[in-house]
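Structural features, examined
Spelled out from the first residue to the last, the chains are:
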Amino acid sequence: MAQVTEVGKIRRRVLAEMARMTYEGTLQEKIDDILETVVTEQGPRYRCCVHKERAVLKERIKISLSQSLDLSLKEAAANALSGEIVGLPIVNVLPEACDRCPIDKFIVTDACRNCVAHHCINSCPKGAIMVVQDRAYIDKTKCVECGMCKRSCHYGAILEISRPCERACDVKAIHAGKDRKATIDETKCVSCGACRIACPFGAIVDRSMVVQVIERMKTDKVVAMLAPAFIGQFGVKLKTGQVIEAIKQLGFAEVYEASFGADIVAVEEANEFIETKDDRSFMTNSCCPAFADMVGKHLSALADRVSTTVSPMVATGKVIKRKDPEAVVVFIGPCIAKKGEGLRNKEFIDYVLTFEEVAAMMVGKRINAAEVTASEYTSMASRDGNSFAKAGGVMQAVLDTVQMTAPEVVVKAHHAEGLGNCKIALLQMKAGKIDANFFEGMACEGGCVGGPATLTDVRVTSKFVENYAATSVAKVAPENEPAMDERKKVVDFHQHHA
Ligand code: SF4
Ligand code: SF4
């Protein structure tokens with residue numbers, strides 16, 4: 001999790017207010033009040049005036065309602081309350097909020113000594129550097145942003161600056177538009193959320209379904225499915241049973257752990273690996289949607305290496321819907337990209353919320369999880385299933401399962417975290433420079449516990465997940481009998497592409 005900045009606090013405050021009003025049934029009537037409660041006349045002020053602050057806030061609320069920016073707040077609230085979700089991208093730039101950050105890539109700082117050697121001038125292949133008022137000066141009309149000058153200066157006086165959002169995006173999907181406002185290219189974006197964390201102006205927002213979920217709870221049986229990374233998220237001192245009970249108090253009828261489906265996935269993926277190992281030089285996991293999307297959109301020649309096994313979210317959704325086709329399934333996790341994966345699997349996943357959104361719902365419903373009484377709780381998954389939350393966990397689960405079911409098969413596993421690192425590793429594997437036949441790719445550093453919508457430090461939750469996983473009775477996936485039983489009952493755990 002990134003440090004909680006003012007941007008994060010505003011985002012959470014808005015979500016909590018929206019949740020409170022939806023629970024109280026006053027959202028449509030009172031939605032405009034959020035503008036005044038979150039942006040008060042007294043400040044603090046981050047932009048030029050209260051009107052600008054509120055204009056930004058209006059856009060933020062509409063995206064948080066999953067509604068178009070063209071609507072009034074009241075219209076947007078009415079649509080969200082009726083269950084409507086417009087076809088917005090998962091990750092959006094708020095036009096009012098984007099500060100059109102500077103795009104001069106190289107600048108000469110006060111550290112320039114106007115030295116005799118002038119390595120910068122000599123290094124520039126375009127003759128773009130001259131001395132003006134005793135300091136090197138870069139002529140932007142000639143500069144091709146090659147960075148030679150920066151590398152050549154012995155004082156480090158030339159600074160490379162780039163927009164935080166662009167720098168964060170490993171797939172180069174975000175760039176300055178004609179008006180210098182950030183624009184996301186949907187054909188390249190994999191909804192990883194890295195730009196949302198990076199933007200210091202809070203100009204990048206993921207759409208939310210908090211209001212739609214709360215409304216469904218008033219009429220339907222809504223079931224929560226917690227991502228394996230939930231351990232430690234809602235307070236490091238909380239018992240797991242308290243978290244489960246607090247989630248139920250939000251209005252969820254039942255709570256499942258997606259790690260239950262992770263055990264099914266581990267077995268399916270192990271079998272798929274064994275069956276296809278002679279047909280492809282390596283196989284990758286498919287459970288991280290941003291990683292799988294990155295392969296599909298940016299390394300399409302390797303698309304056939306991605307496992308066809310569904311993710312633990314979809315596997316668990318299939319189990320819940322088999323047991324009760326009327327159940328409304330809500331996945332709750334650390335991930336923004338899962339919102340897209342949920343939309344692609346509407347048959348099994350009705351809504352996707354993040355830990356951040358659920359924490360805001362607790363604030364909105366005035367639930368203090370620390371005060372909730374809960375009985376002992378035992379995990380629904382094996383040690384390996386629970387370990388899907390951490391980088392290296394999927395790899396280990398598949399390895400353990402292959403070793404248990406087909407010990408003669410050799411698995412040489414490799415893993416990487418961060419989309420840029422995953423891309424490099426995949427290309428090296430393709431070129432035969434890494435001796436591995438199974439690859440685990442995770443878009444977030446540390447795995448899902450490092451996701452963009454987590455609430456607690458990745459190092460802390462990583463340890464918590466490890467401790468929780470150690471309490472599981474079953475150690476490897478095939479030992480989880482209820483999950484293996486469900487595996488037999490649900491016919492298909494694979495994606496079939498046209
Ligand atoms: S970081 Fe990007 S999105 Fe954020 S204000 Fe700057 S240009 Fe706009
Ligand atoms: S791929 Fe990630 S960082 Fe790049 S634009 Fe999309 S959400 Fe932002």
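Values in this document were obtained by computation on a predicted structure and should not be read as measured data.

**Structural notes on the sheet that holds strand 13 (residues 351-354)**
- With parallel pairing, four strands are arranged side by side in an open sheet as 10-9-12-13. Each edge of the open sheet carries a strand with a single partner, namely strand 10 (254-257) and strand 13. The average undirected angle you get between the axes of adjacent strands in this sheet is 25°.
- Two strands pair when backbone bridges link them, and strand 9 (residues 222-226) and strand 12 (residues 328-333) are joined in this way by five bridges, in the parallel orientation. Paired with Val222 across the bridge in strand 12 is Val328.

**What about the site of ligand 2?**
- Residues in contact with ligand 2 amount to 13 residues; listed here are only the nearest, Cys169, Cys189, Cys192, Gly193 and Cys195.
- Of the residues that constitute the shell around ligand 2, the class distribution is eleven nonpolar, two polar and no charged.

**Observations regarding the packing of helix 12 (residues 258-276) against helix 14 (residues 312-323)**
- The N-to-C vectors of helix 12 and helix 14 enclose an angle of 105°; their axes lie 7 Å apart at closest approach. Judged by the angle between their axes, helix 12 and helix 14 are roughly perpendicular. Of helix 14, the residues touching helix 12 (which contributes Ala258, Phe260, Gly261, Ala262, Ile264 and Val265) are Pro312, Ala315, Thr316 and Val319.

**Details of helix 4 (residues 50-64)**
- With 15 residues, helix 4 should reach 21 Å at 1.5 Å per residue; the first-to-last C-alpha distance of 21 Å fits that figure.
- Among the 15 residues of helix 4, eleven are classified as buried, and the element is accordingly described as predominantly covered.
- What helix 4 keeps buried is the set Val50, Glu53, Arg54, Val56, Leu57, Glu59, Arg60, Ile61, Lys62, Ile63 and Ser64.
- Summarising the contacts, the buried residues of helix 4 are in contact with helix 1 (6-24), helix 3 (33-38), helix 5 (73-81), strand 1 (91-93) and strand 8 (204-206).
- Remark: Ser66 follows helix 4 within two positions and exhibits a positive phi of approximately 60°.

**Let's talk about the environment of Val213**
- Topologically, Val213 is positioned in helix 10 (residues 210-217).
- Given the relative accessible area of 1%, Val213 is considered buried.
- Expressed as a C-alpha distance, the spacing of Val213 and Ala19, which sit 194 residues apart in the sequence, is 9.7 Å.
- Leave out the neighbours within four places in its chain, and Val213 touches Phe252, Val330, Tyr351 and Leu353.

**Focus on the packing of helix 13 (residues 289-298) against helix 15 (residues 337-344)**
- Between helix 13 and helix 15, the least distance of the axes is 8 Å, while the angle of their chain directions is 75°. When the axis of helix 13 is compared with that of helix 15, the two are roughly perpendicular. Facing helix 13, whose interface residues are Pro289, Ala290 and Asp293, helix 15 presents Ala337, Lys338, Glu341 and Arg344.
- Of the residues assigned to the contact of helix 13 with helix 15, the class counts are three nonpolar, no polar and four charged.

**Some words on empty space enclosed by the protein**
- All chains considered together, the criterion is met by six cavities of 30 Å³ or more.
- Reported here for the largest cavity is a volume of approximately 290 Å³.
- Looking at the largest cavity, it is lined by 26 residues, and the ones nearest its centre are Cys287, Cys288, Pro289, Lys338 and Cys448.
- For the lining of the largest cavity, the secondary-structure elements that each account for two or more residues are helix 13, helix 14 and helix 15.
- Taken together, the residues of the lining of the largest cavity break down into 22 nonpolar, three polar and one charged.

Conventions we followed
Residues numbered from 1 in each chain as written. Chains lettered and ligands numbered in written order. Predicted model: local features only at pLDDT ≥ 70, side-chain atom pairs only at ≥ 80, totals over all residues. Heavy atoms only, no water. Pairing = 2+ DSSP bridges. Helix = DSSP H or I, 4+ residues; strand = E, 2+ residues; numbered from the N terminus. Axes fitted to C-alpha atoms, helices over the stretch in contact; angles between N-to-C directions. Near = heavy atom within 4 Å. Nonpolar A, V, L, I, M, F, W, Y, C, P; charged D, E, K, R; others polar. Parallel < 35°, antiparallel > 145°, perpendicular 65-115°, else oblique. Contact = heavy atoms within 4.5 Å. Expected span 1.5 Å × (residues − 1). Buried < 20%, exposed > 50% of the residue type's maximum accessible area, 1.4 Å probe, protein only. 1 Å grid on protein atoms, 1.4 Å probe; cavity = no way out; pocket = protein on both sides within 12 Å on 5 of 7 lines; lining within 4 Å. Points joined across faces, edges and corners; volume = space filled by probe spheres on them.

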